[in-house]
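Summary of structural features
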Amino acid sequence: MLGRVANTIYWMNRYLERAENYARFMDVNFNLSLDLPPNEEEQWKPLVVITGDWELYDSLYPKVEKSKVIYFLTFDENNPNSIYNCIINARENARAVRTEITKEVWEQINALFYLVKEGLEKKRHTDKNLRSFFKEIKNGCQLLYGMYDATISRNEGWNFGKLGQVIERADKTSRVLDAKYHMLLGSPKQIGSSLDLIQWAALLKSVSAYDMYRKKYGKLTHSNIAEFLILDREFPRSILACLISAEQSLITLSGSPVGFSNAAQKQLGALKSQLEYTDINDIIKSGMHEYLDDIQIKLNKISSAIYNAFFSIENHINN
Amino acid sequence: MFDENNIVRPNYKLFLERLEKMSHKKLKGLQHSTDRAQLSLGMTFNVYSDNQGVERILHLDIIPRIIGNTEWTQLEKGLQQRIKALNLFIQDIYNDQKVLKDKIIPKEMIFSSISYLKELEGFKPPKDIWCHITGSDLIKGGDGQYYVLEDNLRCPSGVSYMLENREILKRTFPEIFEKLDVKPVYNYTHILRDTLEYLSEAEKPTIVVLTPGIYNSAYFEHSYLAQQMGAELVEGRDLIVKDDIVYMITTSGLQRVDIIYRRVDDDFIDPLVFNENSLLGTPGLFRSYLKGNVVLVNAPGTGVVDDKAVYAYIPRIIKYYLGEDMILPNVKTYICDEEQDRKYVIENIHDLVVKQTDASGGYGMLIGPKSTKKEQQEFIAKIKHNPRNYIAQPMINLSRVPTLTDDTIEGRHVDLRPYALYADSIKIIPGALTRGALKKGSIVVNSSQGGGSKDTWVLNS
């Protein structure tokens, strides 16, 4: 497979995963805001912090307003991570790798493109019931994942796509947990109060984890929630489960199941082991924020290592 | 659809019966679904003069053009004859140059063509085939006769529209396809792959489609063909030439490329030999080609036939190589480089269509009867300044075919682009891209100039 093409598939999947996560964050937050006392800044600022776009938002808008945040994260062309831009980029990438994906997948990405394009034209960020738009995005992405898995061979391209998807997913889960965990524990409200419960439930819902969490632990406690989102081996959006899946794809791509054959495999293996041999109490003791921050930095390094191992041209010309 | 006496032409009889049962509203509804289908298939292109990101669909009119079998057979013979002769001609001008020595065509005419590639002198491509893929532009005159307007031996585009238009129309009028015996076109990409493989000695040749990239107006087609053929879609930067062998850069190292179906013009394929500023090509590609290490399809250098001044000599070229009279005639062409013709053109410019010899796509032309005095004077000045660069043709009274408009069905001018593939024989695919002017009275059908398209049905009986 062409190096350029592999890189394009990797990013196509990252963009799609990002768009889907953003849509879910917005949907959950919108729903949450209906249950909270009206305070736009308190309700909507955390969202921009989670996505890591706060600096840009702050430079573009004078203050935190619900309508501005929604526009910024959904359609703003100045925000490279807005849902709109992610889907435009995913489609451009899909177009460039049209021969690697199936007709079903291409047409679905194209349908998503028209969904956001027409959404912008119809100014759907001003809809009274915003949730239906975000639901359409979320469903559109999930339909796409299904088609992807049901129609594409488990070849190199599929594995690069998977890699992009799970690395993005791990990053987003760690960011949500980081921002919310801090904020909720730091709040002076009584732990176990109804407001507190709604907030913790919302955290789980923003990564689609609520149902599976309840099934496994029942009661909502902050350490169990952190454990579930970081260390669970079975829940597909937990950081560890994402790393396990990424490692499988990397092993297939590198062709060396034992040890490692490139820096990406080495770094990923190390991070996965680190999580496998950690206890949630150790993490809490050493500081949740520091721990998650470290994971995010390592994920970025892994992404660069993947680029160097598979996508970069210099690599091959010198061989 | 109707002949001059307003009697339904037999090809259209069954279709018309069905059509009459549908309300205009129903037809408009079908037309709307067709537009949506094109969007969802991603059959879009960027127009050069537009900003990047402005995507358009090539409007597909749901009313097909229908051609009877007898008419088609004649057309097929004519195209086969023409392509065979032109291929011999190209081989000759780059090798023995007999046609020039015998003064069938003035040698200055060939050597002054910007598409003539001196670098190819003495070169013979695999199996002596130069023009593997042809998409000639034909028109039908009011007299019922088909004429060849342009041969298009370089990188003819549009075949993906022929194929996808058919898929869409099958969804639009399934009941009519059940009744009418329309020849299928679906096997084009299979024959294309065979045509390419025919050229390589490699047991399992690696085939790539070389595209300028996603911003090219024909990118949809490049990706479509690569995907349908099961070939790799590459850009110039994905290829590298080492020791005169072409490789593509893959995730697991370099992989040798045997056949390149290139959709990049001659000028841009190799910055070392041609346009040195080209970022679309690959340095060293041409040398590898000359050494026989890689096959380029179509061969470079075929553009000389597309030179509109050379076109005027094609009847004589066919006679010279095949000893036959041409079956599919040319449009009468005045060569501005010849004194007598030039004089005629300047005096009658208001009646003629003047074309630049090295341009295509409806650019660089003057339509005499629709032009202003000022435009005519400008063209006369251009002709005098560089006569080699211009030819002129009479206005052809183009045939019209029924087309759905906002409130009725009206005749619109169309042309016809059938596709031919040249391997062990010359195969004409029984279908075509019919391009039509959307505006009433307009005769410019090029997609880059706002034209639309139609599916073309060739009947078995």
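Given the structure is predicted, the values throughout are model-derived calculations rather than measurements.

What follows deals with the overall build of chain A. Tallying secondary structure elements over chain A gives 16 helices and zero strands in all. The C-alpha atoms of chain A give 20 Å as radius of gyration, which agrees with the globular expectation for 319 residues (20 Å, within 12%). Burial status across chain A gives 45% buried among its 319 residues. Considering only residue pairs separated by 6 or more positions, chain A has 69% of its internal contacts joining residues 24 or more positions apart.

Across its full length, chain B holds 15 helices and 23 strands. For 461 residues, the compact-globule formula gives about 23 Å, and the C-alpha radius of gyration of chain B, at 22 Å, lands near that figure. Taking the principal axes of its C-alpha atoms as reference, chain B extends roughly 65 × 60 × 45 Å. Going through the 461 residues of chain B one by one, you find that 46% of them count as buried. The long-range share in chain B, meaning contacts at least 24 apart out of those at least 6 apart in sequence, stands at 67%.

This next bit is on the environment of Val234(B). Its location among the elements puts Val234(B) in strand β8 (residues 232-234). Among the residues examined, Val234(B) registers 24 C-beta atoms within 10 Å and is labelled buried. Separated by 23 residues in sequence, Val234(B) and Thr211(B) place their C-alpha atoms 6.2 Å apart. Those residues in contact with Val234(B), other than ones at most four positions away along the chain, are Leu2(A), Val208(B), Leu210(B), Leu239(B) and Met248(B).

Residue and element names in this part refer to chain A. Assigned domains within chain A: domain 1 (1-152) and domain 2 (154-314). Domain 1 and domain 2 are separated by 20 Å when their C-alpha centres are compared. Each side of the interface is counted separately: domain 1 has 24 residues, and domain 2 has 25 residues. Secondary-structure elements contributing two or more residues to the side of domain 1 that touches domain 2 are α1 (3-35) and α2 (40-50).

What follows is about the nonpolar core. Buried together is how nonpolar side chains tend to be arranged in soluble globular proteins. One finds Ala19(A), Ile83(A) and Ile260(B) to be the most contacted residues of the largest nonpolar core, which totals 214 residues. Per-element tally for this core: the top contributor is α1(A), with 14 residues. Here this core gathers at least three residues from each of two domains, domain 1 (1-152) and domain 2 (154-314) of chain A. Apart from the residues within four sequence positions on either side, Ile83(A) is in contact with Ala19(A), Tyr22(A), Ala23(A), Leu73(A), Thr74(A), Val116(A) and Ile137(A).

Let us now look at the interface of chain B and chain A. With 19 residues of chain B at the contact, the number on the chain A side is 21 residues. Contributing elements (two or more residues each) for the side of chain B that touches chain A: α2 (24-41), α9 (219-229), β8, β10 (245-250) and β11 (253-256) of chain B. Across the side of chain B that touches chain A, the residue classes tally to 10 nonpolar, seven polar and two charged.

Below, the discussion takes up the environment of Gly301(B). Residues and elements named next belong to chain B. Its location among the elements puts Gly301 in the loop between β13 (295-297) and α11 (303-306). Sequence spacing of Gly301 and Asp266 is 35 residues, and the spatial spacing of their C-alpha atoms is 7.2 Å. If sequence neighbours within four positions are ignored, Gly301 has contacts with Ile90, Tyr94, Leu117, Leu120 and Asp266.

In this section: the confidence of the model for chain B. On average, residues of chain B score 90 in pLDDT, and 94% of them are at 70 or above. As scored by the predictor, the complex reaches a pTM of 0.87 and an ipTM of 0.78.

All right, on to the packing of α1(A) against helix α7 (residues 131-151) of chain A then. Residue and element names in this part refer to chain A. Relative to each other, α1 and α7 sit at 150 degrees, their axes nearing to 9 Å. The handedness of the crossing between α1 and α7 is left-handed. Listed contacts from α7 to Leu16, Ala19, Glu20, Ala23, Arg24, Met26, Asp27, Phe30 and Asn31 of α1 are Arg131, Phe134, Lys135, Ile137, Lys138, Cys141 and Leu144. For the contact of α1 with α7, the class distribution of residues is nine nonpolar, one polar and six charged.

Moving on to unusual backbone geometry. Here the residue pair Val297(B) and Asn298(B) is connected by a cis peptide bond, since its omega of -15 degrees sits within 30 degrees of zero. For Asn298(B), the position within the fold is in the loop between β13 and α11. In this model, Lys123(A) sits at a positive phi of 50 degrees, which is unusual for a non-glycine residue. Position of Lys123(A) relative to the elements: it lies in the loop between α6 (103-121) and α7.

Okay, the pairing of strand β12 (residues 259-262) of chain B next. All names here are of chain B. What you see with β12 is no split at all: Ile259 and Tyr261 on one side and Ile260 and Arg262 on the other are buried throughout. One ladder, built from four bridges, connects strand β7 (residues 207-210) with β12; its direction is parallel. For Val208, the partnering residue across the bridge sits in β12 and is Ile260. When β12 meets β13, the two strands line up parallel, connected through three bridges. The partner of Tyr261 across the bridge, within β13, is Val297. A crossover connection joins β12 to the parallel β13 through helix α10 (residues 285-290); in handedness this β-α-β unit is right-handed.

Residues and elements named next belong to chain B. Strand order in the open sheet made by the four strands is β14-β17-β15-β16, with antiparallel pairing throughout. Strand pairing shows two members of the sheet lacking a second neighbour, β14 (334-335) and β16 (365-367), which therefore form its edges. Direction of pairing for β14 relative to strand β17 (residues 390-394): antiparallel, over a ladder of two bridges. In the sheet register, Ile335 faces β17, and the bridge partner there is Ile391.

The rules behind the values
- Residues numbered from 1 in each chain as written.
- Chains lettered and ligands numbered in written order.
- Predicted model: local features only at pLDDT ≥ 70, side-chain atom pairs only at ≥ 80, totals over all residues.
- Helix = DSSP H or I, 4+ residues; strand = E, 2+ residues; numbered from the N terminus.
- Rg over C-alpha atoms; globule rule 2.2 N^0.38 Å.
- Buried ≥ 20, exposed ≤ 12 C-beta atoms within 10 Å, placed from the backbone.
- Contact = placed C-beta atoms within 7 Å.
- Domains from an automatic or database assignment.
- Core = buried A, V, L, I, M, F, W, Y, C linked by C-beta atoms within 7 Å.
- Nonpolar A, V, L, I, M, F, W, Y, C, P; charged D, E, K, R; others polar.
- pLDDT = per-residue confidence, 0-100.
- Axes fitted to C-alpha atoms, helices over the stretch in contact; angles between N-to-C directions.
- Left-handed = near helix turned anticlockwise from the far one by under 90°.
- Pairing = 2+ DSSP bridges.
- Right-handed = clockwise from strand over helix to strand, strands pointing away.

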